Every structure is written in C-alpha cells, then in structure tokens.
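Tertiary structure, described
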Number of protein chains: 2
Amino acid sequence: YWIMGVRNCSTGAQQQLQNSATATTSGASAAVSKDETEKNEISSYWGVPTSKLTNKDGTEWKWSCFRPWETYQANTAIDMEKHHAPGNLMDRMAYWTVKRRFGCRAMMLETVAAVPGMVAGMLLHCKSLRSFEHSGGWIKALLEEAENERMHLMTFMEVSQPTWLDRALVFTVQGIFFNAYLLGYVISPKFAHRMVGYLEEEAIHSYTEFLKELDNGNIENVPAPAIAIDYWQLPTDATLRDVVLVVRADEAHHRDVNHFASDIHCQGRQLREAPAPLGYH
Amino acid sequence: YWIMGVRNCSTGAQQQLQNSATATTSGASAAVSKDETEKNEISSYWGVPTSKLTNKDGTEWKWSCFRPWETYQANTAIDMEKHHAPGNLMDRMAYWTVKRRFGCRAMMLETVAAVPGMVAGMLLHCKSLRSFEHSGGWIKALLEEAENERMHLMTFMEVSQPTWLDRALVFTVQGIFFNAYLLGYVISPKFAHRMVGYLEEEAIHSYTEFLKELDNGNIENVPAPAIAIDYWQLPTDATLRDVVLVVRADEAHHRDVNHFASDIHCQGRQLREAPAPLGYH
Ligand SMILES: [Fe+2]
Ligand SMILES: [Fe+2]
Ligand SMILES: [Fe+2]
Ligand SMILES: [Fe+2]
C-alpha cells in the first residue's frame, strides 16, 4: 500500500524515494536564469530533496497539492436532514446570520467555507502556545476541515472557471468574512461554531438543489474532474453528480463537528476536554 | 500496524472503532449538569462518535492532542553546521533580525517558533482561495512545521513548568511577533522565510549549547517525558538528551525548508511551482 511506503519512511524517506533535487553551489541559487531550464525546475543549494510518489498501480502520483494519504472515501450515508433546532437566543442569532445568505453557487460558497476552520485552528494553535495547554486534537481537526473545503473549491473550479467578477467578489468577501469570523470567534466560540454548523446545513441544502438541477437536466452531468476522482477515491467513470454527493457528505460531517464543538462550549467546557473526532468524513 | 487500522478506515471508522459516544435528546445536551458524571464526559446529541486508538501492543493510545500517524523517527544525521551565508542585503537584514535575539531558553523559544509556520500556512491558504490556485502542498508543509514546533513546546513544558513571568512574556511576545511576522510575510515572503531559516539556525545553536550543559552536568539528564517518547517513537528509557537531539534535528529540517522556500522566491517563482518537501523531518 502506498500509504505505508510513505508514512512510515520517516528517516529513510529521502534516500528511498527517487531523489530529483538539483544542487547548485551557494549563492548561485538565486542567480539561476529563468530561461535556463525548459522544465519548470527550481534549484536550491539546500538540496531539500523532491520526492516522487506512486499510485497503487505503480504510475506516478500527479498532485503536489495533496497526497495519497489525504484522500478518502466519503461516508455518503450520513443523515442529510439533521437540523439543530435553534434553542436559545444565541442559536437563533447564529441561524439568522446564515439563513439564505450564502445560497449562491458552489464555487463561491467554498471560498467562504474554507475560512472558519483556518481561523479557528489558528486561534486554538496560538491559544495552546500562550496557555501551555494541549489542544485535544481540535487544531488539526479544524485545519483539516479548512483543507477539505479548499479541496471542494479546487474541484469546482475545474468544472466552471471563475470570472473576473467572481475573483473581485471573493477578494472582498474574504477580507470581510475572515476578520468578522476572527472577531466572532474571539468573542464567542460557541456562537462561531453554531453559525458554521448552520452554514453547513445551508451548504447541504444548496448541494441538494444542485443534485435536483443535475437530475432534471438543467445542469449537464459532465465527467468528474481528475482531481476529484483522486481525492475522493472515486471510480474513473465518475460524474459531476458523484462529486456533488461526496461533497454534500463532507458538509454534513462539518455540520456535525461544528454543532458538537458548540455543544461542548454550551456545557461550559473547553474543546480540549473532548477529543476531536477522528477521521470523521 | 495501527496506522493502517486508522488511516484506511474512512467511512467504516466510526463503526469499527469502539464507539463510546453518549447521545442525549435534542436540546437536553446543553442542560446536562456538570456534576452528573464523575468522568469528564461531554454529551452531544449530534452523536459524533469518540474513537479509541490502540498502540501496536494493544494498549490504549493515551493522547488526543496528537495521533499515532503523526509520530515519526527524526533523522538526527542531518547536517547541523550548514549555514546560509548572507549574500545580498535582504539576507543580511534577515540574519541581523534573528542573531542572538532569541537565545533564551528552550520553552520560550518554542512559543515563538510555532508562529511563523501557522501565519505562512494561513496566508497561503487564503491566497489559494482568492486566486483559485493550487498550493503545491506548501500550506500543509508549513502548518505541519507549526504543529511540530508546538509539540516541542508541549514536550519542554513537561520538563520545566512555566512561571507566571513566562506566561506574561509569551502573551506579549506572541501578540507582537504574530502581527510582525504576518506583516513581514505579506510584504516579503522571501525575507520572512529567510529570517525563519536563520531563526532555526539559532535554535540549533541553542540546543547544541543545551546538549553541552547536559553533558557537563549543569542540567540534569532527567528521563524523557512520556509525550516525547510517543511522539518521536523513542525507546522507553530515553532521556532529556535524546529529546534534545531529535528536537535539534527537527530545527535543522525546518532550517532547510525555510531557506529552500526563500530560494524559490529569490528565483522569482511562487512556492506552488516547487512541490513542498514530503515527510521531511
Ligand atoms: Fe464545502
Ligand atoms: Fe463545509
Ligand atoms: Fe522547535
Ligand atoms: Fe524550528
């Protein structure tokens, strides 16, 4: 299994894997002409080796943006209907913040969705350092959620290219949302996680609508992009519909994790008191 | 191997692993009395299952702050003397910023050292979202560096408890350094990575001094803390000296990665053009 080959290699990794790093002498590295090499080669006298990974069938792993051990099969059997009934005032505020405000199309949704996990993970990381306390695995869990959302974006941008308007919009929305969520998380982590829980419920709803559009032919069910097939370990003949199914399952898992995190805070506990869910996707 | 048991379980994970989640009915979750359970139990009607991991010998994995597949054996054979000779003005500025300014003790050094990777990873994540571009694995590599540094802190705080003065100092220094590094990275990533490269060279120097103090008996060579034995896969009779050796090896790897990253920028490239080093520690 390729996972073993890479995961357990630690010290021997650089020797075992094909070493294709080029080493130049000190100082010269910065002076290498861009046109010197036709292949997009980067030189570094640090000689940090580049490594080649292979698929199970021996062919070369073609992604550097994610690695074989980061791929998984989504549990699509997860309940899509589960909804956190807003109880107290905080719940209702969190729900109101989200409801129907992010119902735009998939690609734009994902540029926003990848922010909260990163912000929360970063804040917990800094808090762990400041307070000399463990994290209960939550830093990693939240950063992995952010990475998962970013992979959603990388997938959907293969299906539809972003326009200049999209890019301008993302730039603005990210600037505002990043800072707003950061502030919100500092003030009230339980509100922030509850809000993301509801944001994920909205995302599930959006993807369910997406599936309907695919089924009634309004959106063409094109072949799945290669990146999605490798990331979610889909069959080679998978279609956009299969991709939307696994993405929707991801959102349902994020929903659970964030409502869970909010529940922990609601009980007056810290996240680190309840170990973060393992491989929950 | 336990890694297989967990890594490849994806969808089946929650069923296979011992499920010890408690489920209560909706709404009641927040109302559960803190005194109700003697064990520090958290309830969530979301029923996100908690999972138990086991060591190779079948005993229970005791950490939730890190997991078996995040442990590794450090390559302590890495060259500790390698130094990036400052070439241009930027190099000299980066070197000057660091030189002898962070020569305080190990624990304090680590609270600072865990910041740059998080800041850089976070900025690259947001940039990837904004620009609809892949990361070449650098987001993950830099976040893993930050996590590795945080584990250094978690280890050293077992050896010497932080005083109130330490805590106050960390609070202030983190606030300043986080924002300074963020600004620095936005203005010039090549300067920022070069500076961290030099910071790591200083860290290597500090740990070499630490080793000398251990060897001449000025610091007692106490048994290694349990967390270090599990994280670096050390023998059960490992000592503080063994811990310092693997930590120093980590710093040498960070040095290489950051000088490499700076080299890439110096060649007028983006990090994503050169895949991030794999399992380089
Ligand atoms: Fe998503
Ligand atoms: Fe999501
Ligand atoms: Fe360190
Ligand atoms: Fe370091």
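Residues numbered from 1 in each chain as written. Chains lettered and ligands numbered in written order. Predicted model: local features only at pLDDT ≥ 70, side-chain atom pairs only at ≥ 80, totals over all residues. Heavy atoms only, no water.

1. Some details on the overall build of chain A
Condition: Runs of H or I in DSSP of at least four residues are treated as helices and runs of E of at least two as strands, each being numbered from the N terminus. Each residue is placed in one exposure class: buried if its accessible area under a 1.4 Å probe, protein chains only, is under 20% of its type's maximum, exposed if it is over 50%, and partly exposed if it falls in between. Contact definition: two residues touch when any of their heavy atoms are within 4.5 Å.
Assigned secondary structure in chain A consists of 9 helices and 0 strands. Helices (α) and strands (β) of chain A occur, in sequence order from the N terminus, as α-α-α-α-α-α-α-α-α. Here chain A holds 281 residues, and 54% of them are scored as buried. Pairs at least 24 residues apart make up 75% of the contacts formed inside chain A by residues separated by at least 6 positions.

2. Thoughts on the coordination of the iron ion (ligand 2)
Residues and elements named next belong to chain A. Here is the rule we go by: Any N, O or S atom lying within 2.8 Å of the metal counts as a donor, with the limit raised to 3.2 Å for Na, K and Ca; because water is left out of the atom set, some sites can appear incomplete.
Taken together, Glu149 (OE), Glu200 (OE), Glu200 (OE), Glu251 (OE) and His254 (ND1) make up the full set of protein donors to the iron ion (ligand 2), lying 1.8 to 2.6 Å away. Mapped onto the sequence, the donors of the iron ion (ligand 2) take the spacing E-x50-E-x50-E-x2-H. The metal-metal distance between the iron ion (ligand 2) and the iron ion (ligand 1) is 3.8 Å, with Glu149 coordinating both. Here His254 lies in helix α9 (residues 240-266) and Glu149 lies in helix α5 (residues 138-159), a separation of 105 residues in the sequence. His254 matches Glu149 in its accessibility class, with the two residues each being buried.

3. Focus on helix α6 (residues 164-187) of chain A
Formally: Every helix has an expected span of 1.5 Å times one less than the residues it contains.
Given a rise of 1.5 Å per residue, 24 residues ought to cover 34 Å, and the 35 Å separating the end C-alpha atoms of α6 of chain A matches this to within 8%. For α6 of chain A, every residue scored as buried is listed here: Asp166, Val170, Gln174, Phe177, Phe178, Tyr181 and Tyr185 of chain A.

4. Here's the deal with the coordination of the iron ion (ligand 1)
All names here are of chain A. Those donors, Glu110 (OE), Glu110 (OE), Glu149 (OE), His152 (ND1) and Glu251 (OE), are the protein atoms that reach the iron ion (ligand 1), and they lie 2.0 to 2.3 Å from it. Going along the chain, you hit the donors of the iron ion (ligand 1) in the pattern E-x38-E-x2-H-x98-E. Residue classification places Glu110 among the buried positions, given a relative accessible area of 0%. Exposure remark for His152: the relative accessible area of 0% places this residue in the buried category.

5. A closer look at the pattern of salt bridges
All names here are of chain A. Using the following cut-off: The term salt bridge refers to a pairing of a side-chain nitrogen on Lys or Arg with a carboxyl oxygen on Asp or Glu at a separation within 4 Å.
Counted under the stated rule, the structure contains 16 salt bridges over all chains. Among the salt bridges present, the one from Arg150 reaches Glu147, with a minimum N-O distance of 3.1 Å. Of this pair, Arg150 and Glu147 both sit in helix α5, 3 residues apart, which is roughly one turn of that helix. The network of salt bridges with common partners includes Asp91, Arg194 and Asp263.

6. A word on the environment of Gly87 of chain A
Residue and element names in this part refer to chain A. Turning to its location among the elements, Gly87 is positioned in the loop between α2 (13-16) and α3 (89-98). By relative accessible area, which is 48% here, Gly87 ends up partly exposed. For the pair Gly87 and Thr172, spaced 85 residues apart in the sequence, the C-alpha separation amounts to 33 Å.

7. A short note on the packing of helix α4 (residues 106-131) of chain B against helix α5 (residues 138-159) of chain B
Residue and element names in this part refer to chain B. Condition: Only the stretch in contact is used when a helix axis is fitted, and all axes are lines through C-alpha atoms; the angle between N-to-C directions ranges over 0 to 180 degrees. Here the word oblique covers every angle except those under 35 degrees (roughly parallel), over 145 (roughly antiparallel) and from 65 to 115 (roughly perpendicular). A clockwise turn of the near helix away from the far one marks a right-handed crossing, whereas an anticlockwise turn of less than a right angle marks a left-handed crossing. Throughout, the ten residues Ala, Val, Leu, Ile, Met, Phe, Trp, Tyr, Cys and Pro are labelled nonpolar, Asp, Glu, Lys and Arg are labelled charged, and all others, Gly among them, are labelled polar.
Relative orientation of the contacting elements α4 and α5 amounts to 160°, with a least axis distance of 8 Å. The angle between α4 and α5 falls in the class roughly antiparallel. Every pair of crossing elements has a handedness; the one defined by α4 and α5 is left-handed. Tallied by class, residues from the contact of α4 with α5 come to 16 nonpolar, 6 polar and 4 charged.

8. A closer look at the nonpolar core
What tends to happen in soluble globular proteins is that the nonpolar side chains get buried as a cluster. Formally: In these notes, a set of buried Ala, Val, Leu, Ile, Met, Phe, Trp, Tyr and Cys residues joined through side-chain atoms within 4.5 Å is what counts as a nonpolar core.
Membership of the largest hydrophobic core comes to 158 residues, with the highest contact counts inside it found for Trp138, Phe156 and Trp232 of chain A together with Trp138, Phe156, Tyr207 and Trp232 of chain B. If we skip the residues at most four places from it in the chain, Trp138 of chain B touches Leu124, Val257, Phe260, Ala261, Ile264, Leu271, Arg272, Ala274, Pro275, Ala276 and Pro277 of chain B.

9. What to know about the packing of α4 of chain B against helix α7 (residues 189-215) of chain B
Residue and element names in this part refer to chain B. Put simply, α4 and α7 touch, their axes get as near as 11 Å, and they point 155° apart. In terms of their interaxial angle, α4 and α7 are classed as roughly antiparallel. The hand of the α4/α7 crossing is left-handed. On α7, the residues that touch Ala106, Leu109, Glu110, Pro116 and Ala120 of α4 are His193, Val196, Ala203, Tyr207 and Phe210. Within the contact of α4 with α7, the residues separate by chemical class into 8 nonpolar, 1 polar and 1 charged.

10. Things to note about the packing of aromatic side chains
Heads up, the condition is: Note on ring pairs: Phe, Tyr and Trp rings are taken, using the six-membered ring of Trp, and paired if centres are within 6.5 Å. Classes follow the plane angle, with under 30 degrees stacked, over 60 edge-to-face and the rest tilted. Whether a charge lies above a ring is judged from NZ of Lys or CZ of Arg, which has to be within 6 Å of the ring centre and within 35 degrees of the ring normal.
In this structure the tally under the stated criterion is 16 aromatic pairs over all chains. Taking the centre distance of 5.9 Å and the plane angle of 45° together, the rings of Trp138 of chain A and Phe260 of chain A count as tilted. Of the two residues, Trp138 of chain A is situated in helix α5 and Phe260 of chain A in helix α9; the sequence distance between them amounts to 122 residues. Assigned by exposure class, Trp138 of chain A and Phe260 of chain A land together as buried. Ring geometry for Tyr181 of chain B and Tyr185 of chain B: centres 6.0 Å apart, planes at 45°, overall tilted. Residue Tyr181 of chain B and its partner Tyr185 of chain B are both found in helix α6 (residues 164-187); the two are separated by 4 residues, about one turn of the helix. Note on accessibility: Tyr181 of chain B and Tyr185 of chain B belong to one class, buried. Through pairs of rings, three or more aromatic residues link up here, namely Tyr72, Tyr231 and Trp232 of chain A. Positioned above the aromatic ring of Trp164 of chain A, the side-chain terminus of Arg167 of chain A is 5.7 Å from the ring centre.

11. A word on the confidence of the model for chain A
All names here are of chain A. Counted only if it meets this: As a per-residue measure, pLDDT tells how confident the predictor is, with possible values from 0 to 100.
Of all residues in chain A, 78% attain a pLDDT of 70 or more, and the chain-wide mean is 78. Scored below 50 in pLDDT, residues 1-39 shows 72 contacts in the model against residues more than four places distant or in partner chains. As scored by the predictor, the complex reaches a pTM of 0.79 and an ipTM of 0.80.

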